[in-house]
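Results of the structural survey
Letter by letter, the chains look like this.
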Amino acid sequence: MGLVEQELSYLRGLVYRESAIVIEPRQDYLLEARLLPVAKDAGFADVSALVGQLRARVTNGLHTKVVEAMTTNETTFFRDIHPFTMLKQEVFPRLLQSRKLRRTLDIWCGAASTGQEPYSVGMLVKESFPELASWRVKFVATDICTAVLERAREGIYKQSETNRGLPASLLVKYFERSGADFRIREDVRKMIEFRQMNLIGTWSVTGPLDIVFLRNVLIYFDVPTKKSILGRIYDLLAPDGLLFLGGAETTLNLEDRFERVQVDKSVAYRPKK
Ligand SMILES: C[S@@+](CC[C@H](N)C(=O)[O-])C[C@H]1O[C@@H](n2cnc3c(N)ncnc32)[C@H](O)[C@@H]1O
């Protein structure tokens, strides 16, 4: 038997409260589909029984498992390519120049999922800006979901994942075989610190930040949450820092203190002067 409205709205409420992810009633099928494995894993016959346990407020980590199961962790190496083109052609060359005296850079990737996005930036730095090896580059990658962060830290990818977006030359150069899979080399792994962080909780990243990647996560949030997160990013960005969002995301009508910068097909946002 499917979930009744009361159970569905309890689950929507729980996920929203804990992560700000909005589950529309038309997406209710996702609750059933993604939570059945969580229910079975915890020894329940179905999602309804899981909801009963969640409502009893027993603190056994089940609430967190439910929220994590409702995150969408879709990602690829060099996703949408344009932000990486802009980093290579415009952003890093400019920052290398403007930060040449203090030789520090601060980068944050705020919805890192299984790590393909921050590792793409890491490989780009290794490939095109080897001089940064002698700088203090602080590169933090965060996500709400501990399971994806564990995978990111491990840096092991299936061929179906390395086939998506990763040029063969970089696969050869920056990965080693791990059974049937590929593991990103330790020197690239060591560039990035992966941390659990909820975008609607307390932030452990500190500014001023030079580059922020917050791609393909605002789409899951409502307008007040987007406004609040963009405002907090504004406060953390260096005056000449840049924010990269996903292709379907914008600061427009959400945070007026940003302006859009376009270079060819690449778009980013910077604090208005
Ligand atoms: C679709 S992935 C995007 C991954 C990557 N940025 C990209 O564009 O390929 C969205 C990620 O946001 C994370 N996420 C969702 N809600 C979050 C929250 N409240 N705080 C931090 N991360 C969150 C999810 O766990 C998921 O890994």
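Residues numbered from 1 in each chain as written. Predicted model: local features only at pLDDT ≥ 70, side-chain atom pairs only at ≥ 80, totals over all residues. Heavy atoms only, no water.

A separate point is the domain arrangement of the protein chain. Examined at the domain level, the protein chain breaks down into domain 1 (5-69) and domain 2 (82-271). Here the C-alpha centre of domain 2 lies 30 Å away from the C-alpha centre of domain 1. Opposite the nine residues of domain 1 that make contact, domain 2 presents 10 residues. A buried area of about 710 Å², summed over both sides, lies between domain 1 and domain 2, and 54% of it is on carbon and sulfur atoms. Counting across the domain 1 and domain 2 interface gives five residue pairs in polar contact (both at pLDDT 80 or more). For the side of domain 1 that touches domain 2, the secondary-structure elements that each account for two or more residues are helix H1 (5-19) and helix H4 (62-69). Counting residues per element, the side of domain 1 that touches domain 2 draws most heavily on H1, at four residues. In the side of domain 1 that touches domain 2, the residues fall into five nonpolar, one polar and three charged. (Domains from an automatic or database assignment. Contact = heavy atoms within 4.5 Å. Buried area = accessible area lost by both parts, 1.4 Å probe. Polar contact = N/O pair within 3.5 Å; in protein donor to acceptor, adjacent residues only side chain to side chain. Helix = DSSP H or I, 4+ residues; strand = E, 2+ residues; numbered from the N terminus. Nonpolar A, V, L, I, M, F, W, Y, C, P; charged D, E, K, R; others polar.)

Okay, the site of the ligand next. Neighbouring residues of the ligand: 22 residues in total, closest Thr75, Arg79, Ala111, Asp143 and Asn216. One nitrogen or oxygen atom from the side chain of asparagine 73 is found 3.0 Å from an oxygen atom belonging to the ligand. Contact distances for the ligand include 2.8 Å between an oxygen atom and a side-chain N or O atom of arginine 79. Its free accessible area being 610 Å², the ligand has 99% of it covered by the protein chains. (Near = heavy atom within 4 Å. Areas by Shrake-Rupley, 256 points an atom, 1.4 Å probe, with all protein chains shown as cover.)

Below, the discussion takes up the sheet that holds strand S3 (residues 156-157). The strand order S3-S5-S4 describes an open sheet built from three strands, whose pairing is antiparallel. Because the sheet does not close on itself, it has two edges, and the strands there are S3 and strand S4 (175-178). As paired strands, S4 and strand S5 (residues 181-184) are joined by four bridges and run antiparallel to one another. Residue pairing for S5: serine 178 is matched across the bridge by aspartate 181. (Pairing = 2+ DSSP bridges.)

Our focus in this paragraph is the packing of helix H2 (residues 28-41) against H4. Viewed as axis vectors pointing N to C, H2 and H4 meet at an angle of 145°, and their least axial separation amounts to 9 Å. The way H2 lies across H4 gives a crossing that is right-handed. Packed against H2, whose contacting residues are Arg34, Leu35 and Val38, the element H4 presents Leu62, Lys65, Val66 and Ala69 at the interface. Broken down by class, the residue content of the contact of H2 with H4 amounts to five nonpolar, no polar and two charged. (Axes fitted to C-alpha atoms, helices over the stretch in contact; angles between N-to-C directions. Left-handed = near helix turned anticlockwise from the far one by under 90°.)

Between its terminal C-alpha atoms helix H5 (residues 82-98) stretches 23 Å, which fits the 24 Å expected from 17 residues at 1.5 Å a residue. Of all the bends in H5, the greatest, near 45°, is centred on lysine 88. Within H5, the full set of buried residues consists of Pro83, Phe84, Met86, Leu87, Val91, Phe92, Leu95 and Leu96. Of the surrounding elements, those touching the buried residues of H5 are strand S1 (104-109), helix H6 (116-128), strand S7 (209-214), strand S8 (237-245), strand S9 (258-263) and strand S10 (266-271). (Expected span 1.5 Å × (residues − 1). Bend = angle between axes of the 7 residues up to and from the residue. Buried < 20%, exposed > 50% of the residue type's maximum accessible area, 1.4 Å probe, protein only.)

Over the atoms rolls a probe the size of a water molecule, and in doing so it shows where empty space is left. Its volume calculated, the largest pocket comes out at about 350 Å³. Looking at the largest pocket, it is lined by 24 residues, and the ones nearest its centre are Thr72, Ala111, Asp143, Asn216 and Val217. Tallied by class, residues from the lining of the largest pocket come to 10 nonpolar, nine polar and five charged. (1 Å grid on protein atoms, 1.4 Å probe; cavity = no way out; pocket = protein on both sides within 12 Å on 5 of 7 lines; lining within 4 Å. Points joined across faces, edges and corners; volume = space filled by probe spheres on them.)

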